[in-house]
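Descriptive analysis of the structure
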Amino acid sequence: MNLQFWVMLFKIIICLPFVLILIYISVKFGGNKLQNIQKGKYIKILERTPISKENSLLVVKIGDKGYVLSSTVGKISIISELNEDEILSVEASKTIPQYADFKDFYRKLRFKKEDKDE
């Protein structure tokens, strides 16, 4: 085996723990910060789904009311109004999970994978 292979292997062995530590820090501390970005705003876009290149559907919360909107290049239309239960279910599906430590993250990830396999 040549020297280039060993140099590449050494770089991987050095960089892999660094990347794993960064992932751990992101999962541990970043989730809560990401959720707080939109807190306190009057208008929130809860979900956006592109339909085509120029059209999309949006679930928007304005104050205490929720709406499903259709957005095109020059026009936005209200398709329907959501009741409070529907708004809460959409918001609950968008929460970012918090983990106590990396073992908790791995355990929950493993259980999700087992549930999908069944």
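Residues numbered from 1 in each chain as written. Predicted model: local features only at pLDDT ≥ 70, side-chain atom pairs only at ≥ 80, totals over all residues. Heavy atoms only, no water.

1. Structural notes on the nonpolar core
Within the largest apolar cluster, six residues are counted, these being Leu-46, Val-59, Val-68, Leu-82, Ile-87 and Val-90. Apart from residues no more than four positions distant in its own chain, Val-68 is found in contact with Leu-58, Ser-77, Ile-78, Ile-79, Ser-80 and Leu-82. (Core = buried A, V, L, I, M, F, W, Y, C linked by side-chain atoms within 4.5 Å. Buried < 20%, exposed > 50% of the residue type's maximum accessible area, 1.4 Å probe, protein only. Contact = heavy atoms within 4.5 Å.)

2. Details of the UniProt feature "transmembrane region" (unreviewed entry) in the protein
Here the UniProt-annotated "transmembrane region" (unreviewed entry) positions come out as residues 6–27. This span, residues 6–27, is 100% helix and 0% strand, and a straight line between its end C-alpha atoms measures 32 Å. (UniProt positions renumbered as here; feature names shortened; annotations may be inferred. Helix = DSSP H or I, 4+ residues; strand = E, 2+ residues; numbered from the N terminus.)

3. A few points about the sheet that holds strand β4 (residues 76–82)
Pairing between sheet strands relies on hydrogen bonds along the backbone, with the strands arranged either parallel or antiparallel. What the four strands build is an open sheet, ordered β1-β2-β3-β4; its pairing is antiparallel. Since the sheet does not close on itself, it has two edges, and those belong to β1 (43–50) and β4, each with one partner. Between one strand axis and the next, the sheet turns through 25 degrees on average, direction left out of account. Taken together, the seven bridges between β1 and strand β2 (residues 56–62) define a ladder with antiparallel strand orientation. Paired with Lys-44 across the two strands is Lys-61, which belongs to β2. (Pairing = 2+ DSSP bridges. Axes fitted to C-alpha atoms, helices over the stretch in contact; angles between N-to-C directions.)

4. Examining the packing of aromatic side chains
On inspection of all chains with the given rule, the structure shows one aromatic pair. Relative to Trp-6, the ring of Phe-5 lies with its centre 5.3 Å away and its plane at 75 degrees, an arrangement referred to as edge-to-face. A relative accessible area of 38% means that Phe-5 is categorised as partly exposed. (Phe/Tyr/Trp six-rings, centres within 6.5 Å; stacked < 30°, edge-to-face > 60°.)

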